[in-house]
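Descriptive structure summary
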Protein chains: 4
Amino acid sequence: MWDIGAGTGTIPVETGLLCRQGKILAVERDEEVANLIRRNCDRFSVNNVEIIEGSAPDCLATLQPSPDRVCIEGGRPIEEILKKVWQYLKPEGRVVATAANLESLYLISQALANLQARNVEVVQAGINRLETRGIHQTFTAVDPIFILSGEKF
Amino acid sequence: MWDIGAGTGTIPVETGLLCRQGKILAVERDEEVANLIRRNCDRFSVNNVEIIEGSAPDCLATLQPSPDRVCIEGGRPIEEILKKVWQYLKPEGRVVATAANLESLYLISQALANLQARNVEVVQAGINRLETRGIHQTFTAVDPIFILSGEKF
Amino acid sequence: MWDIGAGTGTIPVETGLLCRQGKILAVERDEEVANLIRRNCDRFSVNNVEIIEGSAPDCLATLQPSPDRVCIEGGRPIEEILKKVWQYLKPEGRVVATAANLESLYLISQALANLQARNVEVVQAGINRLETRGIHQTFTAVDPIFILSGEKF
Amino acid sequence: MWDIGAGTGTIPVETGLLCRQGKILAVERDEEVANLIRRNCDRFSVNNVEIIEGSAPDCLATLQPSPDRVCIEGGRPIEEILKKVWQYLKPEGRVVATAANLESLYLISQALANLQARNVEVVQAGINRLETRGIHQTFTAVDPIFILSGEKF
């Protein structure tokens, strides 16, 4: 699996734990953030994650092996990244991309249509949490996120 | 209309504008907040709102006239307030109450059932706004609120 | 106010009741649906709504007077309608448009940006209702809607 | 792990796949539904799930071994089930329970407080999906669910 724009490493760490036999490439352009992924992998004894300090889409050409699954959490221009990723993605591979803003939502949706992705799903997750405030448990909202995915033919 | 726990006066001001012939009693126990309602009414040239500095349920006995509609935005214990309000509410009158926490939600729901309220409705409103952050319009969530209402037989 | 794609007439009826001095033009291309608006206006004794059987954007040129407010509930192509509406809209007038699908959401958002609308707001309303099912009150979701609005300079 | 009110077996099958070394007891009182779990386990080659046809809380006394984790998807009275489960739960074990109606939400929340559960979390998940309707991708809402969890001291 490739994880592009891996941030603090939540996805690589979770995936690494769930798929002990899998190999995860985590791409992150910010050096400090990349170090944070390393620390989080160590903390959870995850040793099947390789961290790549680099910028998508440029660095994608050098990644080995080709992915069965790709998670796109960030990067720009998003439609370029998606197009490149599609090129390297194995047949029947699946791409998942997240969008927190309207433009990304639309661009990713359009890009998946242009790439003739199969089984496209777009889901908006909205989460409320009960938080203790004084003696009450108050409902507080987490900012919503859109999760788009599609398969290569 | 009675508005109990009127806060900054959003409900009284809006209602005052929409029902020019109506009479609105806004109950607020905090003196400074009550002054704020006054200022907001002046600002929007609303002159059919009477502001009562007092604490529900105690102050309700003195309010005149009896209400056709009651909006409960706060106060405690909420089930006591609702019971008292019900007593003064005219037949076929409607009460609307808001809840931001789990306990209020349950207590108001139970109280409406115990009072044998008709046409009870419970609605949870969850609002996301697109906010401009840098060059993007990001989805941000507003904390959800429950709106309960019911009619007197 | 102009209401374009007025459907069953909820918006015209509500607006007609709230603004007794206002004049509302309700545009609806389907004859039967237009008749339904008429019946709903009669039912609520609303007599400041004029119903226009016609298709936006073509019919807009004939509408009189120019609007202070426009509500766009439907019609296609949405960006053409918005552009025409903008032309007729009085200065400082406000347009509100609803979107239930991703494409409309994006097109309206883009159109408002292209028209250099001021005070643009995009809100997604998500409503859950408690519905009685057997002995329980179950949370059920209403499909979400996006409400976009902006002002003419 | 114990899964109480296992329904079609989604949770047992997923957990069985993720924790190959784990042992899952799936409790389901409806015989036909229990057979469905069996078929779903076979379909996904999951062989670490044991299916118990029985009714909670009565059947819980016979389950072996004691659980590290319990998932409560149904059953009544819910507070009795939770109390029994707590008795059998190992120290530092965690219980997760779902609620689709207001009463369950409140009863589970109260029961966790009464049991002095630690690290209680209450999350409401609201999901919207983009569904293709004609030429458009329309936002449709899935009914929300509350997920409550807590740990034994």
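This text goes with the structure placed above it.
Let me sum up the structure you'll find in this document. (Residues numbered from 1 in each chain as written. Chains lettered and ligands numbered in written order. Predicted model: local features only at pLDDT ≥ 70, side-chain atom pairs only at ≥ 80, totals over all residues. Heavy atoms only, no water.)

1. Considering the overall build of chain A
Worth spelling out the cut-off: Think of it this way: any DSSP run of H or I at least four residues long counts as a helix, any run of E at least two long counts as a strand, and we number them from the N terminus. Put simply, the radius of gyration uses C-alpha atoms, and a globule should come to 2.2 Å times the residue count raised to 0.38. When a residue's accessible area, from a 1.4 Å probe over protein chains only, is under 20% of the maximum for its type it is buried; when over 50% it is exposed; and in between it is partly exposed. The contact rule is simple, with two residues in contact once any of their heavy atoms fall within 4.5 Å. Areas reported as accessible are Shrake-Rupley estimates using a 1.4 Å probe. Residue values count occlusion only from the protein chains shown.
Assigned secondary structure in chain A consists of four helices and eight strands. Order of helices (α) and strands (β) in chain A, N terminus to C terminus: β-α-β-α-β-β-α-β-α-β-β-β. What you see for chain A is a C-alpha radius of gyration of 17 Å, in line with the 15 Å of a compact globule of 153 residues. When its C-alpha atoms are laid out on the principal axes, chain A stretches across 55 × 35 × 25 Å. Evaluated residue by residue, chain A yields a buried proportion of 48% over its 153 residues. Across chain A, the fraction of contacts at a sequence separation of at least 24, relative to all contacts at a separation of at least 6, is 65%. Counting only carbon and sulfur atoms, one obtains 47% of the accessible surface of chain A, whose full area is about 7,800 Å².

2. Details of the relation of the copies chain C and chain B
Here is the rule we go by: Alignment of copies: least-squares fit on C-alpha atoms of residues with pLDDT of at least 70 in both copies.
Superposing chain C onto chain B requires a rotation of 180° together with a translation of 0.0 Å along the rotation axis, leaving an RMSD of 0.0 Å. Expressed as a symmetry operation, the mapping of one chain copy onto the other fits a two-fold axis. Considering only C-alpha atoms, the residue of chain C closest to the rotation axis is Gly126(C), which sits at 2.5 Å. A share of 100% of the interface residues of chain C reappears at the interface of chain B, consistent with the copies meeting face to face through the same patch.

3. Section: the interface of chain C and chain B
How we decide: In this description, buried area is defined as the sum, over both parts, of the accessible area (probe of 1.4 Å) that is lost when the two are combined. Salt bridge, as used here, is a side-chain nitrogen of Lys or Arg placed within 4 Å of a carboxyl oxygen of Asp or Glu. We define a polar contact as two N or O atoms separated by no more than 3.5 Å, with the added condition that, inside protein, one atom must be a possible hydrogen donor and the other a possible acceptor, whereas residues neighbouring each other in sequence contribute only through side-chain atom pairs. Under this grouping Gly is polar, as are all residues other than the nonpolar Ala, Val, Leu, Ile, Met, Phe, Trp, Tyr, Cys and Pro and the charged Asp, Glu, Lys and Arg. In this analysis, strands are considered paired if DSSP registers two or more bridges between them.
Listed per partner, the contact involves 15 residues of chain C and 15 residues of chain B. Of the roughly 1,300 Å² buried at the junction of chain C and chain B (both faces included), carbon and sulfur atoms supply 52%. Among the residues of chain C in contact with chain B, Val122(C), Gln124(C) and Asn128(C) are the three that bury the most area, contributing 32% of the side total. Taken together, chain C and chain B are joined by zero salt bridges. Run the count over chain C and chain B and you get seven residue pairs in polar contact (both at pLDDT 80 or more). Residue assignment for the side of chain C that touches chain B shows that the elements contributing at least two residues are β6 (118–133) and β7 (136–141) of chain C. In terms of residues, the side of chain C that touches chain B owes the most to one element, β6(C), which gives ten residues. Residues of the side of chain C that touches chain B, tallied by class, amount to eight nonpolar, five polar and two charged. With seven bridges joining them, strand β6 (residues 118–133) of chain B and β6(C) adopt antiparallel strand pairing.

4. A look at helix α2 (residues 31–43) of chain A
Residues and elements named next belong to chain A. Under the convention used in this document: Given a helix with a known number of residues, its expected span is that number minus one, times 1.5 Å. The reported arc concerns the directions from the helix axis to the C-beta atoms and nothing else.
Between its first and last C-alpha, α2 extends 19 Å over 13 residues, near the 18 Å set by a 1.5 Å rise per residue. Taken as a whole, α2 has its buried residues at Ala-34, Ile-37, Asn-40 and Cys-41. One side of α2 holds all its buried residues, which, seen down the axis, span an arc of 115°. Structural note: α2 exposes Glu-31, Glu-32, Arg-39, Asp-42 and Arg-43 on the side pointing more than 90 degrees away from its buried face. Check the buried side of α2 and you find it contacts α1 (10–18), β2 (24–28) and β3 (49–53). Among the residues of α2, the N-terminal cap falls to Asp-30, whose side-chain oxygen and the backbone nitrogen of Glu-32 are separated by 3.0 Å. Of the residues one or two after α2, Ser-45 is the one with positive phi, at around 55°.

5. Some details on the relation of the copies chain A and chain B
Between chain A and chain B, which share one sequence, the superposing operator has a rotation angle of 180° and an axial displacement of 0.0 Å; the RMSD is 0.0 Å. Taken together, the interface assignments show that 100% of the residues at the interface of chain A recur at the interface of chain B, consistent with an identical surface on both copies.

6. Examining the environment of Gln137(A)
Mapping Gln137(A) onto the fold places it in strand β7 (residues 136–141). Remark: the alpha-carbon pair of Gln137(A) and Pro77(A), spanning 60 residues in sequence, is separated by 41 Å. With sequence-adjacent residues up to four places away left out, Gln137(A) is seen in contact with Leu130(A), Glu131(A), Thr132(A), Ala100(B), Asn101(B), Leu102(B) and Ser109(D). Side-chain polar atoms of Gln137(A) contact the side chain of Ser109(D), separated by 3.5 Å.

7. Here we look at the packing of helix α3 (residues 78–88) of chain A against helix α4 (residues 102–114) of chain A
How two helices sit against one another is set out by the angle between their axes and by the gap between those axes. All names here are of chain A. Using the following cut-off: Axis definition: a line fit to C-alpha positions, over the contact stretch in the case of helices; interaxial angles, taken between N-to-C directions, run 0 to 180 degrees. Left-handed is the label given to a crossing in which the near helix is rotated counterclockwise from the far helix by less than a right angle, and right-handed is the label when the rotation is clockwise.
Put simply, α3 and α4 touch, their axes get as near as 9 Å, and they point 30° apart. Seen along the crossing, α3 lies across α4 with a hand that is right-handed. Only Leu-107, Ile-108, Ala-111 and Leu-112 of α4 make contact with α3, whose side of the interface consists of Ile-78, Glu-79, Leu-82 and Trp-86. Taken together, the residues that form the contact of α3 with α4 break down as seven nonpolar, no polar and one charged.

8. Quick look at the side chain of Glu28(B)
As for its placement among the helices and strands, Glu28(B) is situated in strand β2 (residues 24–28). Here the side chain of Glu28(B) touches Gly7(B) through a polar contact of 2.9 Å, landing on its backbone nitrogen.

9. Examining the pattern of salt bridges
Applying the stated criterion across every chain yields a total of 24 salt bridges over all chains. Linked by salt bridges that have partners in common, Arg94(A), Arg118(A) and Glu151(A) make up one network.

10. Things to note about the interface of chain A and chain B
Facing 20 residues of chain A, the contacting portion of chain B comprises 20 residues. Carbon and sulfur atoms supply 57% of the area buried between chain A and chain B, which totals about 1,700 Å² over both sides. Run the count over chain A and chain B and you get zero salt bridges. Linking chain A with chain B are six residue pairs in polar contact (both at pLDDT 80 or more), by the criterion used here. Contributing elements (two or more residues each) for the side of chain A that touches chain B: α4, β6 (118–133) and β7 of chain A. At six residues, β7(A) tops the list of elements feeding residues into the side of chain A that touches chain B. Residue composition of the side of chain A that touches chain B, by class: ten nonpolar, seven polar and three charged.

11. Focus on the packing of aromatic side chains
As a reminder, the rule being used: Working definition: a ring pair exists when centres of Phe, Tyr or Trp rings (six-membered ring for Trp) sit within 6.5 Å. Plane angles under 30 degrees give stacked, over 60 give edge-to-face, the rest tilted.
Applying the stated criterion across every chain, the model contains 14 aromatic pairs over all chains. Consider the rings of Trp2(C) and Tyr88(C), whose centres lie 5.9 Å apart with planes at 50°: the pair is tilted. You can see Trp2(C) sitting in strand β1 (residues 2–4) and its partner Tyr88(C) sitting in helix α3 (residues 78–88), a full 86 residues away along the chain. Looking at Trp2(C), the relative accessible area reads 1%, which means it is buried. Residue class for Tyr88(C) comes out partly exposed when judged on its relative accessible area of 23%. When the centroid spacing of 5.1 Å and the interplanar angle of 55° are considered together, the rings of Phe146(C) and Phe139(D) count as tilted.

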